[in-house]
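Remarks on the overall topology
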Amino acid sequence: KPGGVVGFALIALSLVGGGLVIDCFLHIKDEKLMPPAVLEEAEKLVRKGQFAQLLSFCQANESLFCRIFRTGLSQGSLGLPAVRQAIQDQGMKEITRLNHRVNYMGFLGAIAPMMGLLGTVIGMISSFNVLGSAKGAARPDELASGIALALTTTCEGLVLAIPMMFFHNY
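From a predicted model like this one, the values you see are computed outputs, not experimental measurements. (Residues numbered from 1 in each chain as written. Predicted model: local features only at pLDDT ≥ 70, side-chain atom pairs only at ≥ 80, totals over all residues. Heavy atoms only, no water.)

Okay, the overall build of the chain next. The number of helices and strands found in the chain is 7 helices and 0 strands. Start at the N end of the chain and walk to the C end: the helices and strands fall as α-α-α-α-α-α-α. Relative to its length of 170 residues, the chain is extended, with a C-alpha radius of gyration of 26 Å against a globular reference of 15 Å. Counting only C-alpha atoms and orienting by the principal axes, one finds that the chain spans roughly 90 × 25 × 20 Å. (Helix = DSSP H or I, 4+ residues; strand = E, 2+ residues; numbered from the N terminus. Rg over C-alpha atoms; globule rule 2.2 N^0.38 Å.)

Going through the model one piece at a time under the given rule, you end up with 0 disulfides. Free cysteine: cysteine 58, not disulfide-bonded; nearest cysteine sulfur from cysteine 66 at 3.7 Å. (Disulfide = S-S within 2.5 Å.)

Let's shift gears to a nonpolar patch on the surface. A cluster of nonpolar side chains, namely Met124, Phe128, Leu131, Ile147 and Leu151, defines an oily patch on the protein surface of about 480 Å² accessible area. Only α6 (80-133) and α7 (140-169) provide two or more residues apiece to the nonpolar patch. Ranked by residue count, the leading element in the nonpolar patch is α6, at 3 residues. Structurally, the position occupied by methionine 124 is in helix α6. (Patch = residues over 30% accessible without salt bridge, like charges linked within 9 Å, V, L, I, M, F, W, Y side chains within 5 Å. Areas by Shrake-Rupley, 256 points an atom, 1.4 Å probe, with all protein chains shown as cover. Salt bridge = Lys/Arg side-chain N within 4 Å of Asp/Glu carboxyl O.)

Position of threonine 154 relative to the elements: it lies in helix α7. You can call threonine 154 partly exposed: its relative accessible area is 29%. A C-alpha to C-alpha distance of 53 Å links threonine 154 and alanine 82, two positions 72 residues apart in sequence. If we skip the residues at most four places from it in the chain, threonine 154 touches Gly116 and Thr120. At 2.8 Å, the side chain of threonine 154 and the backbone oxygen of alanine 150 are in polar contact. (Buried < 20%, exposed > 50% of the residue type's maximum accessible area, 1.4 Å probe, protein only. Contact = heavy atoms within 4.5 Å. Polar contact = N/O pair within 3.5 Å; in protein donor to acceptor, adjacent residues only side chain to side chain.)

Enumeration according to the criterion identifies 5 aromatic pairs in this entry. Ring plane angle 85 degrees and centroid distance 5.8 Å describe the contact between phenylalanine 25 and phenylalanine 167, whose orientation is recorded as edge-to-face. Here phenylalanine 25 is found in helix α1 (residues 4-27), whereas its partner phenylalanine 167 is found in helix α7, with 142 residues between them in sequence. The class of phenylalanine 25 is partly exposed, set by a relative accessible area of 41%. Using a relative accessible area of 26% as the deciding quantity, one classes phenylalanine 167 as partly exposed. With a centroid separation of 5.8 Å and 35 degrees between ring planes, the pair formed by phenylalanine 25 and tyrosine 170 is classed as tilted. (Phe/Tyr/Trp six-rings, centres within 6.5 Å; stacked < 30°, edge-to-face > 60°.)

So, in structure tokens, the structure goes:
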């Protein structure tokens, strides 16, 4: 049984987290970012000194490698320092764009235990309210529901946080 509103929120965030993991596995991989065939063709063109053809090749391709190098090569008329700077700047933009996807997993991994703790506190407050309002001894079943809520949300928070932190670091 889920842990109340906090538990349902954690379940929803688990679905979001699962989607983020799948998205990252589909989009952040060498074959997609720097396809071997693209690198091979680019190296061939560089060795021949065919930089105009390399620029055309990079303009026709949407890999990370080509997005970075077409930005640099487009600055060719300004000299090698400008090309280097453009490549470095575009590379940082691309890395930042990729990190946005991954950082959401880190955020979920950090927030999930806090939400689980919130559920724990809510459950314990519920249990203590039962104790406080009981005339005489509190019924164990009334206490147990608050404690169960506390433990369930703690567990749900950890079940979300642990994989998110693992995949964030992976």
